[in-house]
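Coordinate analysis (summary)
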Amino acid sequence: MTKILLQLNNVRQAYGKQAVISDLTLSLQKGQIGCLLGPSGCGKTTVLRCIAGFESVLAGEIYLNGVCVSSTKVFVPPEQRRIGMVFQDYALFPHLDVAANIGFGLHRLAKRERERRVDELLHVVHLTEASRKYPHELSGGQQQRVALARALAPKPELLLLDEPFSNLDISLRERLSIEVREIIKNQCTTAILVTHDQAEAFAIADEIGVMHRGEIQQLDTAFNLYHRPVNRFVADFIGQGVFLPGKVIDARQVEIELGVLQGETLHKHASGSIVDVLLRPDDIVHDNTSALQATIVSKAFRGAEILYTLRLAGGDRVLALVPSHHNHAVGEKIGIKLEVDHIVAFQQLEL
Amino acid sequence: MIIWRWVPFVAAALVLVPVGVIFSSVLMPAGEIWRHLVETTLISLLLNTFWLVLGVIVGTALLGISLAWFTAVYEFPGRRFFSWALLLPMAIPAYVTAFVALGLFDFTGPIQTTLRAWLDSDLSWFPDIRGRMGVIIVMTLAFYPYVYLLARNAFLSQGKRSLEVAQSLGFSRKQGFFKVVLPMARPWIAGGIMLVSMETLADFGTVAVFNYNTFTTAIYKAWFSMFSLQAASQLASLLIVMVFIVIVLEQQFRSRMRYAETKSSAKAQRIQLAGWHNWMVTGFVVSVLFFAFFLPVAQLGYWSVQSFAQNYDVGRYLEFLWHSLTLSGLSALLICLVVIAMVYALRRYPDSATRYAVRAATIGYALPGTVLAIGVYVPLVWLDGQLSELALHWLQIETGQLIQGTLAIMLIAYLIRFMAVSHYPIDSAMQRITHSIDEAAMSLGIHGWAMIRTVHIPILKPGIFTAATLVFVDVMKEMPITLMTRPFGWDTLAVRIYELTSEGQWEQAALPAVTLILAGLIPIYLFMRQTEI
Amino acid sequence: MTSSNLNRFLIFVSLLFSLFIIHPAHANEVVVYSARIEQLIKPMFDAFTQETGIKVKYTTDNEGALLARLEAEGKNTPADVLITSDVGNLWAAAQKGLLKPVKSEVLVGNIPTHLRDPENEWFGLSIRARTLVYNTKKVKPEELSTYENLADPKWNKRLCLRTSKKVYNQSLVAMMIAEHGEAETEKIVKGWVANLATDPLSDDTRALEFVAAGKCDVTLVNTYYFGRLMKQDPKLPLAIFWPNQDNSGVHVNISGAGVTRYARNEQAAIKLLEFLSSAKAQNLFADVNMEYPVNPQIAADPFVATWGDFKQNPMNLAKAGELQTTAVKLMDRAGYR
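These numbers were taken from a predicted model, which means no experiment stands behind them. (Residues numbered from 1 in each chain as written. Chains lettered and ligands numbered in written order. Predicted model: local features only at pLDDT ≥ 70, side-chain atom pairs only at ≥ 80, totals over all residues.)

1. Topic: the overall build of chain A
Helices and strands together make up the secondary structure of chain A, namely eight helices and 22 strands. Counting only C-alpha atoms, chain A reaches 75 × 50 × 40 Å along its principal axes. Buried residues in chain A amount to 43% of all 351 residues. Put simply, 64% of the contacts in chain A that link residues at least 6 apart link residues at least 24 apart. (Helix = DSSP H or I, 4+ residues; strand = E, 2+ residues; numbered from the N terminus. Buried ≥ 20, exposed ≤ 12 C-beta atoms within 10 Å, placed from the backbone. Contact = placed C-beta atoms within 7 Å.)

2. Some points on the sheet that holds strand β4 (residues 59–64) of chain A
All names here are of chain A. Overall, antiparallel pairing links the four strands, which are arranged β2-β1-β4-β5 in an open sheet. Edge positions in the open sheet fall to β2 (18–29) and β5 (67–70), since each of these has one partner strand only. For this sheet the average axis-to-axis angle between neighbouring strands, irrespective of direction, equals 30°. Across five bridges, the pairing between strand β1 (residues 4–15) and β4 is antiparallel. Each residue of the ladder has a partner; that of Leu8, found in β4, is Ile62. (Pairing = 2+ DSSP bridges. Axes fitted to C-alpha atoms, helices over the stretch in contact; angles between N-to-C directions.)

3. Notes on the UniProt feature "binding site: Fe cation" (unreviewed entry) in chain C
Per the UniProt annotation, the sites labelled "binding site: Fe cation" (unreviewed entry) are Tyr224(C) and Tyr225(C). Mapping Tyr224(C) onto the fold places it in helix α9 (residues 223–232). With residues up to four places along the chain from it excluded, the contact list for Tyr224(C) reads Arg128(C), Asn289(C), Met290(C) and Glu291(C). Tracing the sequence through the fold places Tyr225(C) in helix α9. Excluding residues that lie within four positions of it along the chain, Tyr225(C) makes contacts with Gly504(B), Asp204(C), Thr205(C) and Leu208(C). (UniProt positions renumbered as here; feature names shortened; annotations may be inferred.)

4. What to know about the domain arrangement of chain C
Residues and elements named next belong to chain C. When its domains are assigned, chain C resolves into domain 1 (25–126 + 253–299) and domain 2 (128–251 + 321–333). For domain 1 versus domain 2, the distance between C-alpha centres works out to 28 Å. The partner domain 2 presents twelve residues to the 14 residues of domain 1 that form the contact. Breaking the side of domain 1 that touches domain 2 down by element, the ones donating at least two residues are α4 (87–95) and β9 (251–260). Per-element accounting of the side of domain 1 that touches domain 2 gives the leading share, five residues, to α4. Per-class residue counts for the side of domain 1 that touches domain 2 are seven nonpolar, five polar and two charged. (Domains from an automatic or database assignment. Nonpolar A, V, L, I, M, F, W, Y, C, P; charged D, E, K, R; others polar.)

5. Describing the interface of chain B and chain C
Taken together, the contacts link 42 residues of chain B with 46 residues of chain C. Of all the secondary-structure elements, those providing two or more residues to the side of chain B that touches chain C are α10 (205–210), α11 (215–225), α16 (369–395), α17 (407–430), α20 (480–485) and α21 (493–502) of chain B. Looking at the side of chain B that touches chain C, the element that brings in the most residues is α16(B), giving eight residues. Counted by class, the side of chain B that touches chain C contains 20 nonpolar, 16 polar and six charged residues.

6. Quick look at the interface of chain B and chain A
Taken together, the contacts link 22 residues of chain B with 23 residues of chain A. Breaking the side of chain B that touches chain A down by element, the ones donating at least two residues are α7 (132–168) and α8 (173–184) of chain B. At six residues, the largest contribution of residues to the side of chain B that touches chain A is made by α7(B). Residues that form the side of chain B that touches chain A fall into these classes: nine nonpolar, eight polar and five charged.

7. A few points about the nonpolar core
Judged by nonpolar contacts, the single largest core of 396 residues is most densely connected at Val277(A), Ala151(B), Val471(B), Val81(C), Val211(C) and Leu273(C). The element best represented in this core is α7(B), accounting for 20 residues. (Core = buried A, V, L, I, M, F, W, Y, C linked by C-beta atoms within 7 Å.)

8. Describing the sheet that holds strand β8 (residues 190–195) of chain A
All names here are of chain A. Read across the sheet, six strands follow the order β6-β7-β8-β3-β9-β10 without closing on themselves; strand pairing throughout is mixed. A single partner strand is all that each edge strand has here, and the edge strands are β6 (83–86) and β10 (215–220). Each neighbouring strand pair of the sheet contributes to a mean axis angle of 20°, computed without reference to strand direction. Judged from the five bridges that link them, strand β9 (residues 207–212) and β10 form a sheet pairing that is antiparallel. What sits directly across from Val210, in β10, is Gln218. Sitting on the sheet, helix α4 (residues 140–152) touches β6 and β7 (158–162), and the angle it makes with β6 is about 175°.

9. So, the UniProt feature "domain: ABC transporter" (unreviewed entry) in chain A
What UniProt calls "domain: ABC transporter" (unreviewed entry) maps, in this numbering, to residues 6–238 of chain A. Secondary structure across residues 6–238 of chain A divides into 33% helix and 27% strand, with the first and last C-alpha atoms of the span separated by 25 Å.

10. A closer look at the arrangement of the chains
The interface with the highest contact count, out of two pairs of chains in contact, is the one between chains B and C. Note that chain A does not reach chain C: the shortest distance linking a C-alpha of one to a C-alpha of the other is 35 Å.

11. Digging into helix α7 (residues 182–195) of chain C
Residue and element names in this part refer to chain C. For α7, which comprises 14 residues, the first-to-last C-alpha distance of 20 Å matches the rise-based estimate of 20 Å (1.5 Å per residue) to within 8%. Of all the residues in α7, the buried ones are Thr185, Ile188, Val189, Trp192 and Asn195. When α7 is viewed along its axis, its buried side chains cluster within an angular range of 120° and face the same direction. Buried residues belonging to α7 abut β6 (159–160), α6 (167–180) and α14 (324–333). (Expected span 1.5 Å × (residues − 1). Arc of directions from axis to C-beta.)

12. Let's talk about the packing of helix α8 (residues 204–213) of chain C against α9(C)
Residue and element names in this part refer to chain C. In contact at an axis separation of 9 Å, α8 and α9 are set at 60° when each is read in the N-to-C sense. Taken as axis vectors, α8 and α9 run oblique relative to one another. Considering the relative orientation of α8 and α9, their crossing is right-handed. The residues of α9 that touch α8, namely those facing Asp204, Thr205 and Leu208, are Tyr225, Phe226 and Leu229. Taken together, the residues of the contact of α8 with α9 sort by class into four nonpolar, one polar and one charged. (Parallel < 35°, antiparallel > 145°, perpendicular 65-115°, else oblique. Left-handed = near helix turned anticlockwise from the far one by under 90°.)

13. Things to note about the domain arrangement of chain A
Residue and element names in this part refer to chain A. Here the domain parsing of chain A yields domain 1 (4–236) and domain 2 (240–347). Of note, the centres of domain 1 and domain 2, computed from C-alpha atoms alone, are 38 Å apart. Listed by partner, the interface residues are four residues for domain 1 and five residues for domain 2. Grouping the amino acids of the side of domain 1 that touches domain 2 by side-chain chemistry returns two nonpolar, no polar and two charged.

14. Brief notes about the packing of helix α1 (residues 3–23) of chain B against helix α14 (residues 314–348) of chain B
Residue and element names in this part refer to chain B. It is the contact of α1 with α14, at a shortest axis distance of 7 Å, that shows an interaxial angle of 115°. At the point where α1 passes α14, the crossing takes the left-handed sense. Every residue of α14 that contacts α1 at Trp4, Arg5, Val7, Pro8 and Ala11 is listed here: Val338, Ala341, Met342, Tyr344, Ala345, Leu346 and Arg348. Class assignment of the residues belonging to the contact of α1 with α14 gives a composition of ten nonpolar, no polar and two charged.

15. A few points about unusual backbone geometry
In this structure, Arg82(A) takes a positive phi of about 55° despite not being glycine. With respect to the element layout, Arg82(A) can be found in the loop between β5 and β6. For Arg82(A), a count of 17 C-beta atoms within 10 Å translates into the label partly exposed. For Asn120(C), which is not a glycine, the phi torsion comes out positive at approximately 60°. With respect to the element layout, Asn120(C) can be found in the loop between α5 (105–110) and β5 (123–135).

Right, dumping it as structure tokens:
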């Protein structure tokens, strides 16, 4: 059984004359973890603040569990929305210890129950030992987990996370994001995360909305965002890749410098039109036997793989992800071949 | 760099020497006056003082915190103007507000006179403005900016965010304010309230206008009327002990908690007030400003115009003004520098000896001005005598006085008195520099003076500006120390105000008073521009 | 710090230090610590300088602070002359050994005996008479008689008084103690307190305004406050009454001066005092503040003269200083705030 927990219909918000969110529609099913992904300034945090009720909307409606909480006529104050929030700077109370921070939102519970819930959460976030410490005595990761526990404690219907990992070391981010996902899933909570870091989004979210200029460009799974981007912005923003000019032959064939690509074309283009074709690093495979040669411009060691930047004979550059035992020097020529099962091509940009 | 280490101790010593001079009186008998006090007025004096301080604390807290909250978080008509205009009452000496308030609202004032004429009644129901409530209200109006300024600092940096956290945890805005925002702003508010209570305890001018007897009145009575500086010093010692107890209690209270924020968030949107709320807040702010600033200034302005013909000596006034500005400016500079060094030392060496030294350095503010003035004067003059004797003996030079009669002695005395005023804002600002900020800077290869200049000063700047403004305005208003220690001819606006009011010539004192207020607006204006209040 | 910054800084510092240079004492100069405010004393100093060529350097403060300062400075004091605006503090200064006796025929000749120290350590320069002022609409002058009579129950809720913290009231009560003894005086002061129409007021002007506005009928003030107020608004229903004309006379206080014990320029100091008691300065005293001259040969200001002649209390004012502490305690006991 799936049930829509959160629904945003045509929401609009602006600061002064500048629109921050324009006509945004979004829905999230109960138990899912959604993510708004986008560069800074795209309006994603504002969406979160509108959902939380820290800001009202200029147009549109926000429904929570089928009840309208924000519209031009209705405004349910944040404290009545049963929404938890983890702030970017954690905003822990510096004058309270860890346990008191976590128990802060449990003011409606009896003392005994409150203590039980705090203990439970301390256990969940592995901070039982630190319960009497003050925030300034904790590491960044610990502070982050306290903030999460504090937001989860009152069992919110919906948990909002505003760039929760941006203050942490990169090495910590990945580990913590997996941990956070587990915690959220274990608590059977629905959550929305806002971030500009796609690795984070991919690690945590079930569904990701890519935002740009106050609009959601594409709401989809991580796989589809990467492999089936709906527009050029998404294709560019998600993952790595290059665009090469090509000429559409028919619905299943496009010709580029490296040869003719064959496969399903995601976007319809008239035969004969000139397009830009997206080539991901994994679309290009190293093959010593191939007649197709390219010069290595630079390389980046990634452990299992090496990411090579290659220059084609015509001067265009492509990326290739190659198992790392194929170690070649910069300047060397290596053989490559294409391995594409669907074609992502967009109308060429007017220059 | 290591010099910092000792600044708190030197500063504490500077304060403790006069305090010691005052305390040394305890050794000398003044038993007769004590017996007299205990038998007659002591109990009522203590009660009077207690209720006054309590009333002013409650009043300034209510006004200061609410005004700070409204201007820091909400948007309402005139908010930009009000947020700095609310500091204006700082420029008015409290006794001036007191005199104007009495002049307007007392039996002979225009309000009661008009009402009596209209209603043809003796107005026996009209509250006695010269009572306790009157003093409390006037002092509240005069001193609330201390709380306002510091609380606003706290609210601006963390108020909105903590409110949101509270709301996301199911608290209403109101609950969030009381459960989160207020507790988090505690060190700032406590600092403001400490200043207010010290100022209230030390006040003589305002209570004199109201003829309200306090502990300080008793001190002056013992000294000036019964010619017993001993008894006065003993009473003052008792006052110091009381203040020190309060300081220690406050210190204990915030010992383990830290108030450094993790990160100051980007400028949050203000909450737009709607409908009648809007106008209620505006109305509230306007009425505070009206009674605390515009009414006294209008009255003074009226008197100035009336008495202008008698005070036309413009050259003389420019001289007073120049002296006032120079003294205030130099003191603000000196005091802020010393306090910054002191606060740094405490940060680097947060041991309890240093902590108590810093605390001790701030008690000068609680002493009645004249008592402190003589406490400062006696040892300095003694030192001067020793020096000139040494010079005469060893170098065969007749030096006369070296310190006495120079600005140095004034600046030292101001330093001793006003360190507290700049300590609270600078200390609060320093709490914002977390150790990770230092570490971050060091990791970028920035350390020593470069770190102070490029990292610390920008963070401390609002605090330093607050401190400098407070000191500047306070020195400008200060009388007893200025009177006692000024070099010949170094009369200031405050001196002129003292002279005229001591002879009951309030109307003529209006011109220097207005000038003093206008001059006090300069730092407030600069302050406002610097901190984009 | 760049070098130009450094230069600017050094210039700034040296400018600062230039503020700290003291001007050495001048031989042809007399230094005065004055509790009389500049406006009320500078004209006399200017006249003195004009006549003698001796410069006067002065600083003003309240009496208590000036005395404490003299005491602290001891023999290093720069002050040659101390001027106060009441007798109690002169007496206290003499008592603490801060003044020295002065032998001067001129002073003795110009100043009546009761207005100068029997030991010649201080001298009265102007008279401040403390008298009764009543509301002409509510009181007939026949009803008034003496200070003591204000304790009579017929004045219940009709009396306004200035605070007992003001030295003028302390001197008055001290002189009453000298005349009637402590017990009798305490009864009188208690009677005053019982007759108060409102809490004691912070200054004389205020007390006069309360009488004029009808809050009370009679009060006790120094005459020059009355004069100032009447000059501002001649229509006020106020008039002066000279009490105790059949017995001890009107209580007077003085503004006076003495030569400090460690005066460096004693001759100039004495010259200044003598000048201040001379006709020229005495006229100035009468002019600048409507006070009465101490020198009986000099007439009061014409406006002041319209209030009529009165008999002064002839008792030596040293008593006021001597009994001031007693008076303060007595007023505390009587509940006079």
